[in-house]
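If you want the building blocks of each chain, they are given just below.
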Amino acid sequence: MEITREKSREFLTIRLAGRLDTSWCDSVEQALTQAVREGEHRIRLDMERVAYISSAGLRVVLTLYKQLHAIKGSFGIVNPSPLVRSVLSMVNMETLIESQAGPGQASAPEQPVAGRLVSSPKAGYELFPLSGKGVRAESIGTDSLLHGGVEGTTSPGVIRFDHETVAIGIGALGATAADCAPRFGEFLAAGGVSVFQPADGSARPDFMVSEGTLVPEGHLLLGLVAHGGFSMLARFQARDDARTVGLGELATTALEIAGTPAAVIVAITETAGLVGAALRQSPASASVDNFGFPQIRDWLSFTSERAFRDSTSLVVGVVARDGSFLQPLLRPLAQGLQGHFHAASFPYRPLQKGLVELRPTLDSLFEGRAAQGMLHLLHDSREFTGAGESEFPRGALWIAPVLP
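Residues numbered from 1 in each chain as written. Predicted model: local features only at pLDDT ≥ 70, side-chain atom pairs only at ≥ 80, totals over all residues. Heavy atoms only, no water.

Quick look at the confidence of the model for the chain
Predicted coordinates in regions of low pLDDT should not be interpreted in detail.
Part 1 of the argument: Mean pLDDT over the chain stands at 88; residues scoring 70 or higher make up 89%.
Part 2 of the argument: Confidence drops under pLDDT 50 across residues 100-108; counting only partners more than four residues distant or on other chains, this segment forms 12 contacts. (pLDDT = per-residue confidence, 0-100. Contact = heavy atoms within 4.5 Å.)

As structure tokens, then:
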């Protein structure tokens, strides 16, 4: 099988020559997936020189079509060989065949709404103003909870994580604090969706999505809760020479866009890798300081290198300048800022370009799949041995100024 690419202003054309059978479908799928990962959402598959196509090959073609259709991209087959045309007709897939009428053909998607463009040394940003004015934020708990200070503390009560609530910290979903206590772990909530990693040995994060009158409810042992609306959507794309953007730059840019000393961020990103830590046990079970060395190794797991490579992540957090009332919750980020970010990782899926809404984008992320894992994101700046920071090639940032 021969696979070649040709980029035009309208589309990326991928040409195949040979047999699209089980032996070659993985190679073709890899080529198509790589194109989508590079941000190509308008793809044409030239099959003029394809002499044979099996069911395995048809599934590769149909999967790409569904993937691009879901993000309002465009996919079509051009110049099908007589055999390919016949097979597509027999399986009712002939609608994927494009006419040669040129760029005005009916299947071309609508152009996305354009935003205001700004740039940084590593990325380009497209900004879309939103109707929200910002969020009111409050902190819950203190660092003493991580050092044997859980006993005698009182829960702030059950929290409803509705569409206008953003939260991060150490928490769990459940009706009572006693029920949550053995499971308290990394937690995030945004847009009516809540995800947490139970620190009870569970292999995967648990989650709840609001639907109808169902609203996720739970408890935070330590963290931040904010209520309000986002004022800006920033779509980012790493420059070709940089390839990825670090969490530090994204946080810095978001804070500049917000124009306030602190900002809450929700991001859905294609991900090159995450750097962070996760609880192995619930702090609610600690009566002494188990976060000193060497016992910390029994309580926390750290990434020795970037984890969850080539995935899609939901990142929720807060960034602030020195002196913020949120200071006790914040940790150093790259570029001299303070922040607190959690991320839930999902199997890779591309993101629709342009102006998108948070909740539908979240729904597509959770549709038919669960999170692979969660991390409290860190900047591992150790010389030589440090893993650095989390890196992202492209994505969407919803930004809310923290109101005084």
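Now that the structure has been shown, we can carry on.
Comments concerning the nonpolar core
For soluble globular proteins, nonpolar side chains are generally found buried alongside one another.
Part 1 of the argument: Counting residues in hydrophobic clusters, the biggest one holds 57 residues, and the most contacted among them are Val266, Leu314 and Trp398.
Part 2 of the argument: In contact with tryptophan 398, not counting residues within four places along its chain, are Leu130, Phe230, Met232, Leu233, Val264, Ile265, Val266, Ile268, Val356, Glu357, Leu358 and Thr361.
Part 3 of the argument: Core analysis: the next-biggest nonpolar cluster, separate from the first, contains 30 residues, Ala234, Ala263, Val319 and Leu397 among them. (Core = buried A, V, L, I, M, F, W, Y, C linked by side-chain atoms within 4.5 Å. Buried < 20%, exposed > 50% of the residue type's maximum accessible area, 1.4 Å probe, protein only.)

Thoughts on the packing of helix H1 (residues 22-37) against helix H2 (residues 55-70)
Part 1 of the argument: In the contact formed by H1 and H2, the axes pass within 8 Å of each other and the chain directions differ by 15°. Considering their axes alone, H1 and H2 lie roughly parallel with respect to each other. Here H1 runs over H2; the crossing is right-handed. Counting all contacts with H1, which are made through Thr22, Cys25, Val28, Glu29, Leu32 and Val36, the residues of H2 involved are Ala56, Gly57, Val60, Leu64, Gln67 and Leu68.
Part 2 of the argument: Considering only residue class, the contact of H1 with H2 consists of 8 nonpolar, 3 polar and 1 charged. (Axes fitted to C-alpha atoms, helices over the stretch in contact; angles between N-to-C directions. Helix = DSSP H or I, 4+ residues; strand = E, 2+ residues; numbered from the N terminus. Parallel < 35°, antiparallel > 145°, perpendicular 65-115°, else oblique. Left-handed = near helix turned anticlockwise from the far one by under 90°. Nonpolar A, V, L, I, M, F, W, Y, C, P; charged D, E, K, R; others polar.)

Brief notes about the packing of aromatic side chains
Part 1 of the argument: This structure, assessed with the given rule, holds 4 aromatic pairs.
Part 2 of the argument: Between the aromatic rings of tyrosine 125 and phenylalanine 236, the centroid separation amounts to 6.5 Å while the plane-to-plane angle is 40°, which identifies the pairing as tilted. Taken as a pair, tyrosine 125 in strand E6 (residues 123-129) and phenylalanine 236 in strand E14 (residues 232-238) lie far apart in primary sequence, 111 residues in all.
Part 3 of the argument: Accessibility expressed as a relative area gives 3% for phenylalanine 236, which makes it buried.
Part 4 of the argument: For the ring pair phenylalanine 207 and phenylalanine 366, a centre distance of 5.1 Å and an interplane angle of 45° mean the geometry is tilted. A residue pair is termed long-range when its members are at least 10 positions apart, and phenylalanine 207 in strand E12 (residues 206-209) and phenylalanine 366 in helix H6 (residues 358-366) qualify at 159 residues. (Phe/Tyr/Trp six-rings, centres within 6.5 Å; stacked < 30°, edge-to-face > 60°.)

As for the side chain of serine 194
Part 1 of the argument: Summarising the element assignment, serine 194 is placed in strand E11 (residues 193-196).
Part 2 of the argument: Setting aside anything within four residues of it in sequence, one finds serine 194 in contact with Phe161, Leu173, Phe187, Leu188, Ala189, Asp206, Phe207, Met208 and Pro216.

Focus on unusual backbone geometry
Part 1 of the argument: Here asparagine 92, not a glycine, exhibits a phi torsion of approximately 60°, which is positive.
Part 2 of the argument: By the secondary structure assignment, asparagine 92 is in the loop between helix H3 (82-90) and strand E5 (116-119).
Part 3 of the argument: Residue classification places asparagine 92 among the exposed residues on the basis of a relative accessible area of 63%.

Section: H2
Part 1 of the argument: The terminal C-alpha atoms of H2, which comprises 16 residues, lie 22 Å apart, in line with the 22 Å expected from a rise of 1.5 Å per residue.
Part 2 of the argument: Of all the residues in H2, the buried ones are Gly57, Leu58, Val60, Val61, Leu64 and Leu68. Seen from one end, H2 has its buried residues packed into an arc of 160°, which puts them on one side. Projecting away from the buried face of H2 at angles above 90 degrees are the exposed residues Ser55, Arg59, Lys66 and His69.
Part 3 of the argument: For H2, the elements touching its buried residues are strand E2 (12-20), H1, strand E3 (42-53), strand E4 (74-78) and H3.
Part 4 of the argument: Residue lysine 72 follows H2 closely and has a positive phi angle near 60°. (Expected span 1.5 Å × (residues − 1). Arc of directions from axis to C-beta.)

Looking at the pairing of E3
Part 1 of the argument: In the sheet, E2 pairs with E3 via 8 bridges, with the strands oriented parallel. Its bridge partner being in E3, threonine 13 is matched across the sheet by arginine 44.
Part 2 of the argument: Taken together, E2, H1 and E3 constitute a β-α-β crossover, and its handedness is right-handed.
Part 3 of the argument: Where E3 lies against E4, 5 bridges are found, and the strand directions are parallel. (Pairing = 2+ DSSP bridges. Right-handed = clockwise from strand over helix to strand, strands pointing away.)

Some remarks on the environment of threonine 303
Part 1 of the argument: Looking at where threonine 303 falls in the secondary structure, it is placed in the loop between strand E18 (300-302) and strand E19 (311-320).
Part 2 of the argument: A C-alpha to C-alpha distance of 5.8 Å links threonine 303 and valine 275, two positions 28 residues apart in sequence.
Part 3 of the argument: Ignoring any residue separated from it by four or fewer positions in sequence, one finds threonine 303 in contact with Leu274, Val275, Gly276, Leu375 and Ala387.
Part 4 of the argument: A polar contact is formed between the side chain of threonine 303 and the backbone nitrogen of glycine 276, at a distance of 2.9 Å. (Polar contact = N/O pair within 3.5 Å; in protein donor to acceptor, adjacent residues only side chain to side chain.)

Overview of the pattern of salt bridges
Part 1 of the argument: A complete count under the given rule lists 13 salt bridges for this structure.
Part 2 of the argument: Arginine 394 serves as the salt-bridge partner of glutamate 270, at 2.9 Å between the closest nitrogen and oxygen. Taken together, the positions of glutamate 270 in strand E16 (residues 262-271) and arginine 394 in strand E24 (residues 394-401) put the pair 124 residues apart, joining distant regions of the chain.
Part 3 of the argument: What makes glutamate 270 buried here is its relative accessible area of 3%.
Part 4 of the argument: One salt bridge in this structure joins arginine 306 and glutamate 391, with 3.5 Å as the shortest N-O distance. Separated by 85 residues along the polypeptide, arginine 306 in the loop between E18 and E19 and glutamate 391 in strand E23 (residues 391-392) bring together distant segments of the chain.
Part 5 of the argument: Glutamate 391 gets classed as buried once you look at its relative accessible area, which sits at 11%.
Part 6 of the argument: When salt bridges that share partners are traced, they join Glu6, Arg15 and Asp46 into one network. (Salt bridge = Lys/Arg side-chain N within 4 Å of Asp/Glu carboxyl O.)

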